[in-house]
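Observations on the model geometry
If you want the building blocks of each chain, they are given just below.
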Amino acid sequence: MLQKKVCMVGAFATGKTSLIARFVRSIFSENYQTTVGVKIDKKTVFTHGKELNLILWDLYGEDEFQKVHTSYLRGSSGYLLVVDGTRHNTLDVAFALKQRVEDSLGNIPFVMVLNKADLVDEWDIENEEIEQLTKQGWIVIQTSAKTGDGVEEVFQTLADKIMEE
Ligand SMILES: Nc1nc2c(ncn2[C@@H]2O[C@H](COP(=O)(O)OP(=O)(O)O)[C@@H](O)[C@H]2O)c(=O)[nH]1
Ligand SMILES: [Mg+2]
């Protein structure tokens, strides 16, 4: 079966590990995993009339920004750029990380994920900021790993984009 590597990229505690847990195992945990390493999960999606095996790479640990190195990214067909909608600075981190990915891999498909959409009262990102990004052609999708909202959609959208290439 066709396989494609997908990386999770984003600031500390934005919900990268939680999004994979929700997507692959339909679970959510409030606990924060702090051990350092790389974890690889797999899930099959259906896109463009074919089955596609997504190989999901996730870094875990406290030093994620530093660890987004070439060896982690190598061979990726696409990535999810994850932002915590309740912490505005994670958007700035996402821009910096996106640059780092592009330096390493060039322009590969990505989807920006605004996670923690269940925490509406704490929301810290303006619609105008998102509109600026979508005007540039970015795909931005709100998710909640907690409720599951939008989670299937982000992985499916990325898979579709990867297979369009
Ligand atoms: N309320 C809420 N909490 C979330 C959501 N996604 C992740 N979290 C919590 O945010 C923290 C960091 O999540 P984690 O997936 O470990 O972040 P990572 O460092 O990006 O992998 C954990 O305590 C999660 O339970 C979400 O959509 N809503
Ligand atoms: Mg993690």
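Scroll up a little and you will see the structure.
Here the structure is a predicted model, which means the values were calculated and not measured. (Residues numbered from 1 in each chain as written. Chains lettered and ligands numbered in written order. Predicted model: local features only at pLDDT ≥ 70, side-chain atom pairs only at ≥ 80, totals over all residues. Heavy atoms only, no water.)

**Some details on helix α4 (residues 89–105)**
A rise of 1.5 Å per residue sets the reference length of α4, with its 17 residues, at 24 Å; its end C-alpha atoms lie 24 Å apart and thus fit the reference within 8%. Listed as buried for α4 are T90, L91, V93, A94, L97, K98 and V101. On an axial view of α4, the arc spanned by its buried residues comes to 150 degrees, and they lie on one face. G106 lies just past α4 and shows a positive phi near 80 degrees. (Helix = DSSP H or I, 4+ residues; strand = E, 2+ residues; numbered from the N terminus. Expected span 1.5 Å × (residues − 1). Buried < 20%, exposed > 50% of the residue type's maximum accessible area, 1.4 Å probe, protein only. Arc of directions from axis to C-beta.)

**Let's talk about the environment of R74**
Mapped onto the elements of the fold, R74 is located in the loop between α3 (70–73) and β4 (76–84). In this structure, the C-alpha to C-alpha distance between R74 and F28, residues 46 residues apart in sequence, is 28 Å. Residues in contact with R74, not counting those within four places in the same chain, are K5 and L105. (Contact = heavy atoms within 4.5 Å.)

**Thoughts on the site of ligand 1**
In the vicinity of ligand 1 there are 19 residues, among which K16, S18, S29, D118 and A145 approach most closely. A distance of 3.2 Å separates an oxygen atom of ligand 1 from a polar backbone atom of T14. Considered on its own, ligand 1 offers 580 Å² of accessible surface; in the complex 91% of this is hidden by protein. Sorting elements by how many residues they give to the shell around ligand 1 places helix α1 (residues 16–25) first, with three residues. For the shell around ligand 1, the residue count by class is six nonpolar, seven polar and six charged. (Near = heavy atom within 4 Å. Polar contact = N/O pair within 3.5 Å; in protein donor to acceptor, adjacent residues only side chain to side chain. Areas by Shrake-Rupley, 256 points an atom, 1.4 Å probe, with all protein chains shown as cover. Nonpolar A, V, L, I, M, F, W, Y, C, P; charged D, E, K, R; others polar.)

Shape descriptors only; they carry no functional weight alone.
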